[in-house]
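# Coordinate inspection notes
For reference, the chains in residue letters:
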Amino acid sequence: MAARPSVDGNVEMIVNERVVIGIEAHAIAGQQGGNETYALGLLYGLAKIASSNYDFIVFLREKTPVPDFLKEKSNFSFRRVSNSSFRRWLWNVPRLARQGRIHLLHTQYHLPPRLVCPGVITLHDVSFRRYPQHFPSSLLWSLRLSLPHAVRKASAIITVSDFSRTEIEHFYPESRGKVRVVYNGYSAEFKPLPNFEGTDLLRKLGVTGPFILTVSSLQPRKNLLRLMEAFLSLCQEVRDFTANLVLVGRAVWGNNNLTQVFSSHPFRHRIVFSGYLPAIDIARLYSRALFSVYPSVYEGFGLPVLESMACGCPVITSRVSSLPEVAGNAAFLINPFRTEEIAAAMLNLFRSRSLREKLRETGLKQARNFSWEKCAGETLAVYEEVLSERLSH
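The present account deals with the structure reproduced in this document. (Residues numbered from 1 in each chain as written. Predicted model: local features only at pLDDT ≥ 70, side-chain atom pairs only at ≥ 80, totals over all residues. Heavy atoms only, no water.)

### A word on the overall build of the protein
Summing up its helical and strand segments, the protein has 13 helices and 15 strands in all. Against the compact-globule benchmark of 21 Å for 393 residues, the protein has a radius of gyration of 22 Å, which places it among compact chains. Along the three orthogonal principal directions, the C-alpha set of the protein runs to about 75 × 40 × 40 Å. Looking at the protein as a whole, 55% of its 393 residues are labelled buried. Partitioning the contacts of the protein with sequence separation of at least 6, the portion at a separation of at least 24 is 67%. Surface accessibility of the protein: about 17000 Å² in total, with carbon and sulfur atoms responsible for 50%. (Helix = DSSP H or I, 4+ residues; strand = E, 2+ residues; numbered from the N terminus. Rg over C-alpha atoms; globule rule 2.2 N^0.38 Å. Buried < 20%, exposed > 50% of the residue type's maximum accessible area, 1.4 Å probe, protein only. Contact = heavy atoms within 4.5 Å. Areas by Shrake-Rupley, 256 points an atom, 1.4 Å probe, with all protein chains shown as cover.)

### Looking at helix H2 (residues 85-99)
Under the 1.5 Å per step criterion, the end-to-end length of H2 is 20 Å for 15 residues, consistent within 8% with the ideal 21 Å. The largest bend along H2 reaches roughly 35° and is located at asparagine 92, with the proline proline 94 sitting one to four residues downstream. Buried within H2 we find Arg88, Trp89, Asn92, Val93, Pro94, Leu96 and Ala97. Where H2 is buried, its residues contact strand E3 (19-24), strand E4 (54-61), strand E5 (76-81) and strand E6 (104-108). (Expected span 1.5 Å × (residues − 1). Bend = angle between axes of the 7 residues up to and from the residue.)

### Remarks on unusual backbone geometry
We note that asparagine 223 has phi near 70°; this positive angle belongs to a residue other than glycine. As for its position among the elements, asparagine 223 is in the loop between strand E10 (211-215) and helix H7 (224-237). Positive phi values are uncommon outside glycine, yet phenylalanine 262 reaches one of about 60°. Inspection of the secondary structure assignment puts phenylalanine 262 in the loop between strand E11 (244-248) and strand E12 (271-275). With a relative accessible area of 28%, phenylalanine 262 lands in the partly exposed category.

### Focus on the environment of arginine 152
By secondary structure assignment, the location of arginine 152 is in helix H4 (residues 137-153). Residue arginine 152 is classed as exposed on the basis of its relative accessible area, which comes to 54%. Residues arginine 152 and tyrosine 172, spaced 20 residues apart in sequence, show a C-alpha to C-alpha distance of 9.1 Å. Among all residues touching arginine 152, those that are not within four sequence positions of it are Glu174 and Lys178.

### Overview of the state of the cysteines
If you walk through the whole model with that rule in mind, you get zero disulfides. Cysteine cysteine 311 is unpaired, with the sulfur of cysteine 313 as its nearest cysteine sulfur at 7.5 Å. Just so you know, cysteine 375 is unpaired, no disulfide at all, and the nearest cysteine sulfur is the one on cysteine 311, 19 Å from it. (Disulfide = S-S within 2.5 Å.)

### Regarding a nonpolar patch on the surface
A cluster of nonpolar side chains, namely Phe86, Leu90 and Trp91, defines an oily patch on the protein surface of about 330 Å² accessible area. Within the secondary structure layout, phenylalanine 86 lies in helix H2. (Patch = residues over 30% accessible without salt bridge, like charges linked within 9 Å, V, L, I, M, F, W, Y side chains within 5 Å. Salt bridge = Lys/Arg side-chain N within 4 Å of Asp/Glu carboxyl O.)

### Considerations on the side chain of glutamate 24
Position of glutamate 24 relative to the elements: it lies in strand E3. Look at glutamate 24: it is buried, it has no salt bridge, and the nearest opposite charge is arginine 88 at 4.1 Å. A polar side-chain atom of glutamate 24 sits 2.8 Å from a polar atom in the side chain of histidine 26. In this structure, glutamate 24 is in contact with Phe59, Val81, Arg88, Trp89, Val93, His106 and Thr107, ignoring residues within four places of it in sequence. (Lys, Arg positive; Asp, Glu negative; His and termini not counted. Polar contact = N/O pair within 3.5 Å; in protein donor to acceptor, adjacent residues only side chain to side chain.)

### Details of the sheet that holds E4
Reading across the sheet, the seven strands line up as E5-E4-E3-E6-E7-E8-E9 and stay open at both edges, with parallel pairing between neighbours. Pairing within the sheet leaves two strands with one partner each, and these edge strands are E5 and strand E9 (179-181). Recorded for the sheet is a direction-independent mean angle of 25° between the axes of neighbouring strands. In this sheet, E5 lies alongside E4 in parallel orientation, the contact comprising six bridges. Its bridge partner lying in E5, valine 58 is registered against phenylalanine 78. Strands E3, E4, E5 and E6 of the sheet are contacted by H2, whose axis makes an angle of about 150° with E5. Sitting on the sheet, helix H5 (residues 162-171) is in contact with strand E8 (156-159) and E9, with an inclination near 165° to E9. (Pairing = 2+ DSSP bridges. Axes fitted to C-alpha atoms, helices over the stretch in contact; angles between N-to-C directions.)

### Topic: the nonpolar core
Grouped burial of nonpolar side chains is what soluble globular proteins tend to show. Phe211, Leu213, Val248, Leu285, Tyr286 and Val305 are the most contacted members of the largest nonpolar core, which totals 36 residues. The set of elements that each furnish at least two residues to this core consists of helix H6 (199-205), E10, E11, helix H8 (279-288), helix H9 (303-310) and helix H10 (323-327). Top element by residues in this core is H9. It accounts for five residues. If sequence neighbours within four positions are ignored, leucine 285 has contacts with Leu201, Leu202, Leu205, Phe211, Leu213, Val248 and Leu277. In this structure, Ile102, Tyr131, Phe171 and Val297 belong to the second largest nonpolar core, which totals 33 residues. (Core = buried A, V, L, I, M, F, W, Y, C linked by side-chain atoms within 4.5 Å.)

### Details of the sheet that holds E10
Pairing is parallel in the open sheet, where six strands are placed in the order E12-E11-E10-E13-E14-E15. Edge strands, defined here as strands with exactly one partner in the open sheet, are E12 and strand E15 (332-334). Each strand axis lies, on average, 25° off the axis of its neighbour in the sheet, ignoring direction. Pairing of strand E13 (residues 291-294) with strand E14 (residues 315-318), which is carried by three bridges, proceeds in the parallel orientation. Note that in E14 the partner of serine 292 across the bridge is valine 315. The strands touched by H8 within the sheet are E10, E11 and E13, with E10 carrying the most contacts at an inclination of about 145°. Against the sheet, helix H11 (residues 339-351) touches E10, E13, E14 and E15, its axis set at about 165° to E15.

In short, geometric facts, not functional conclusions.
In structure tokens, the structure reads:
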């Protein structure tokens, strides 16, 4: 590999060869939640800050459109990979990496068994190890079989919080010494918007009056059953509690019948399930909501907390896993395992305009600590570290 780190942090060519980085981004356009957001965000940041010394080959699924922000970027090219994970990892990615003369491949979670260049993986969390009961058996066994190989083979492992690094090193001791923490950013759509922006969307969803927002895939570790129970208890027991609850996200596993839970409850009509929504619509809802609630029991990062703060929407979230790390002092923290504590926090914020305003201001300030450009810069530094070590051997 003909590269070394230069004084200014870029990779300096010492022969006529550009650095070619492969980015495996099949999650884009797959409604894959955090994995898709991360892939898009990292590419956005790299397009903004990467020097002309780099060429990027981005692996997209068949028929996935090229993101608009990359269409005019001459140092980004695209290859198509199969929708089948089996074909993608065993055949497409290794072959395209070899054909593209890639110097380094960056993926999420997996690495091909046959790879001719160094690999870097982003491992967001190991929730399947901490809470295996919350995962379908097929996904659980797929991760249990493939991740140990990826951890061993990876030249570096990027994760998204100090909490997640501790968990990875606990469950995979062989990862120690090669885990790097690089925080996520948030997309440009997530900013305070004027109230009228969400009017048509709320009308379409059938939401009238004040509302509380939760953005989350519908799966057990997101703790939505306790949230619904807490919310409905307030509806039933507190006369002046007039809020609705809007749940945004698609069913993933384990909670496919969530919309039917509490179906006979007299206040069930005040819970609205929107399904999957694009980022701009979520930003509109954050900008109109009284506050958001994210009571997850386990996260590697917690993008909805950051996105809510960036929109100026006060946040209630859990005081477990990575969530206090992301929220700082800018959120109302609760024990996610205590339904009554979730309910008390919601009632507190519903009744206190001054508390909401305080959390709004501190949240906007906290969000400014994160960006996809910063994430991309620190990720490039990991690439350079790996390439430099390879050159030195």
